[in-house]
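For reference, the chains in residue letters:
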Amino acid sequence: MPIDVEAALGSSLPSRQFAWDEDRVILYHLGLGAGAPPTDPLELSYTYEGNLSVLPSFGTVAAYSSMATLSMARGVDINWALLLHGEQDLEIHRPIPGSGEVTSQPRIAHIYDKGRAALIVVEITSTDNRSGEVLFVNRSSLFVRGEGGWGGDSGPKASNHAPARVPDHVVRSATLPQQALLYRLSGDKNPLHADPAFAALGGFDSPILHGLCTYGVVCKAAVDTVLEGDPERAARYQARFTGVVFPGETVVTRMWEEDDKVLLEAEVEERNATVLSNAALWMN
């Protein structure tokens with residue numbers, strides 16, 4: 001069996017440093033489609049350094065380089081072409097500042113047996129270098145096709161199910177044809193999102209939008225609508241990736257307010273295809 005679960009869970013992975021400034025935050029927000037209309041005060045809060053707010057989903061950018069350390073883990077001898085990003089869970093311990101530097105420490109937190117696949121949960125804790133306090137924690141669930149079936153724990157059941165009632169809010173977020181080319185400048189240079197020939201090898205007619213870009217688009221829709229544009233009220237955000245977005249399509253986010261969280265589901269308007277499910281944003 002390519003994955004040695006005991007060895008992998010005991011692996012020591014190297015930490016990574018990540019620094020950012022206001023320009024990098026603004027570039028990330030532009031990659032999500034922020035800034036339309038450009039004179040809107042809320043949109044300017046994401047795209048102008050005069051009064052910059054930072055969306056909580058920016059925390060995924062800081063953790064991205066740490067994901068590469070998974071290849072250094074003992075016991076993880078897999079075909080990386082069979083790996084899919086299944087879910088993303090982000091805990092925000094403190095508001096993310098417009099500039100800063102963190103040390104991100106990854107570890108393999110869990111490995112679940114899904115029968116036809118293994119599910120590897122990589123947890124990355126990012127600590128503010130100035131204060132020494134944890135700023136945010138990312139958990140990325142990675143499906144490795146063909147690596148399950150050893151009789152291990154199958155993991156927790158899916159949660160955050162959308163209610164069977166009319167949503168409290170519906171937001172349409174138009175993406176740009178060049179959206180993936182903008183978003184990739186935040187760090188994910190996978191050619192699947194830029195090179196038509198490479199995308200064709202993956203079975204797509206054209207390059208697709210990054211899953212974490214869709215994750216950020218939906219996060220922005222929820223922050224703008226339910227949190228009234230105040231990212232500091234966000235405490236946790238998790239979602240499951242269930243489909244792809246092609247740049248230029250429109251993401252429709254449905255929201256259900258329930259106690260201290262808002263349940264979320266997103267689909268592509270043009271194809272009526274669900275792209276994000278089992279999602280929730282918790283509020284402080």
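Our structure's up above, just so we're on the same page.
Residues numbered from 1 in each chain as written. Predicted model: local features only at pLDDT ≥ 70, side-chain atom pairs only at ≥ 80, totals over all residues. Heavy atoms only, no water.

Trainee: Is there a simple way to explain the overall build of the protein chain in this structure?
Mentor: If you tally the helices and strands in the protein chain, you get seven helices and ten strands. The C-alpha radius of gyration of the protein chain comes to 18 Å, within 12% of the 19 Å expected for a compact globule of 284 residues. Across its three principal axes, the protein chain shows a C-alpha extent of roughly 55 × 45 × 45 Å. Sequence separation of 24 or more characterises 73% of the internal contacts of the protein chain that already satisfy a separation of 6 or more. (Helix = DSSP H or I, 4+ residues; strand = E, 2+ residues; numbered from the N terminus. Rg over C-alpha atoms; globule rule 2.2 N^0.38 Å. Contact = heavy atoms within 4.5 Å.)

Trainee: Hey, could you run me through the sheet that holds strand β9 (residues 261-268) in this one?
Mentor: Adjacent strands of a sheet form backbone hydrogen bonds with each other and so pair up, either parallel or antiparallel. One open sheet accounts for ten strands, arranged β1-β3-β4-β5-β2-β7-β10-β9-β8-β6; its pairing is antiparallel. Each edge of the open sheet is held by one strand with a lone partner, namely β1 (16-20) and β6 (169-174). Taking each pair of neighbouring strands and ignoring which way they run, the sheet shows an average axis angle of 20°. Relative to strand β4 (residues 117-128), strand β3 (residues 100-113) runs antiparallel, the two being bridged by eleven bridges. Counted as the bridge partner of Thr103 is Thr127 from β4. Of the strands in this sheet, β1, β2 (83-92), β3, β4 and β5 (134-145) touch helix α4 (residues 59-67), which is tilted by about 55° from β5. (Pairing = 2+ DSSP bridges. Axes fitted to C-alpha atoms, helices over the stretch in contact; angles between N-to-C directions.)

Trainee: Just checking my understanding: could you explain the packing of aromatic side chains for this structure?
Mentor: Geometrically, a pair of aromatic rings is defined through the distance of the ring centres and the angle of the planes. Throughout the structure, instances matching the rule amount to eight aromatic pairs. When the ring of Tyr215 is compared with that of Phe241, the centres are 6.2 Å apart and the planes differ by 50°; the resulting orientation is tilted. Of the two residues, Tyr215 sits in helix α7 (residues 211-225) while Phe241 sits in strand β7 (residues 234-241), which places them 26 residues apart along the sequence. Assessed through its relative accessible area of 0%, Tyr215 is described here as buried. One aromatic cluster is present, formed by Phe18, Trp20, Tyr28, Phe58 and Tyr183 through successive ring pairs. (Phe/Tyr/Trp six-rings, centres within 6.5 Å; stacked < 30°, edge-to-face > 60°. Buried < 20%, exposed > 50% of the residue type's maximum accessible area, 1.4 Å probe, protein only.)

Trainee: So what exactly am I meant to see when it comes to the pattern of salt bridges here?
Mentor: Side chains that differ in sign of charge can pair as their charged atoms come close. Following the criterion strictly, the structure yields 15 salt bridges and no others. Here Arg271 makes a salt bridge to Glu249, at a shortest N to O gap of 2.7 Å. Residue Arg271 is found in the loop between β9 and β10 (273-283), and its partner Glu249 is found in the loop between β7 and β8 (250-258); the two are separated by 22 residues along the sequence. Arg271 gets classed as partly exposed once you look at its relative accessible area, which sits at 37%. (Salt bridge = Lys/Arg side-chain N within 4 Å of Asp/Glu carboxyl O.)

Trainee: Hey, could you run me through the environment of Pro2 in this one?
Mentor: Summarising the element assignment, Pro2 is placed in the segment before α1 (5-9). Once the C-alpha coordinates of Pro2 and Asp77 are considered, the two residues, 75 residues apart in sequence, prove to be 5.0 Å apart.

Trainee: What's the story with the pairing of β5 in this structure? I'm lost.
Mentor: On any regular strand, side chains alternate: one points to one face of the sheet, the next to the other face. Bridge analysis of β2 against β5 gives nine bridges, and the strand direction is antiparallel. Within β5, the position partnered with Glu91 by the bridge is Val137. Bridging between β4 and β5 involves eleven bridges; their strand directions are antiparallel. Across the sheet, Glu123 pairs through a bridge with Arg139, a residue of β5. Between the antiparallel neighbours β4 and β5 lie five residues, among them Gly132 with a positive phi of about 80°.

Trainee: I would appreciate a short explanation of the nonpolar core in the present structure.
Mentor: Across soluble globular proteins, nonpolar side chains have a tendency to be buried as a group. Among the nonpolar cores identified, the biggest contains 51 residues, and Trp20, Phe58, Tyr237, Met255, Leu264 and Leu281 are the most heavily contacted of them. A total of nine residues in this core trace back to one element, the largest contributor, which is α7. Beyond its immediate chain neighbours, meaning those up to four positions away, Tyr237 contacts Gln88, Asp89, Leu90, Tyr215, Val218, Cys219, Leu264, Leu276, Ala280 and Leu281. Judged by nonpolar contacts, the second largest core, of 18 residues, contains Ala8, Leu70, Val76 and Ile124. (Core = buried A, V, L, I, M, F, W, Y, C linked by side-chain atoms within 4.5 Å.)

Trainee: Is there a simple way to explain the side chain of His193 in this structure?
Mentor: Among the structural elements, His193 can be located in the loop between α5 (179-183) and α6 (196-201). A polar atom in the side chain of His193 sits 2.7 Å from the backbone oxygen of Ile208. (Polar contact = N/O pair within 3.5 Å; in protein donor to acceptor, adjacent residues only side chain to side chain.)

Trainee: Would you take a moment to explain unusual backbone geometry for this structure?
Mentor: Negative phi values dominate among residues other than glycine, just as trans dominates among peptide bonds. Cis peptide bonds are those with omega within 30 degrees of zero, and the linkage from Ala36 to Pro37 qualifies with 0°. Within the secondary structure layout, Pro37 lies in the loop between α2 (22-31) and α3 (41-47). Residues other than glycine seldom take positive phi values, yet Glu228 does so here, at roughly 55°. With respect to the element layout, Glu228 can be found in the loop between α7 and β7.

Trainee: When you look at the state of the cysteines in this model, what are you seeing that I'm missing?
Mentor: Should the sulfur atoms of two cysteines be covalently bonded, the bond is a disulfide. Here the structure, examined in full by the defined rule, presents zero disulfides. Between Cys213, a free cysteine, and Cys219, which holds the nearest cysteine sulfur, the sulfur-to-sulfur gap is 12 Å. (Disulfide = S-S within 2.5 Å.)

Trainee: What's the story with the environment of His110 in this structure? I'm lost.
Mentor: Mapping His110 onto the fold places it in strand β3. Remark: the alpha-carbon pair of His110 and Val122, spanning twelve residues in sequence, is separated by 7.4 Å. Residues within four places of His110 in sequence aside, it is in contact with Leu9, Leu119, Ile120 and Val121. One polar contact links His110 to Tyr112, side chain to side chain, over a distance of 3.4 Å.

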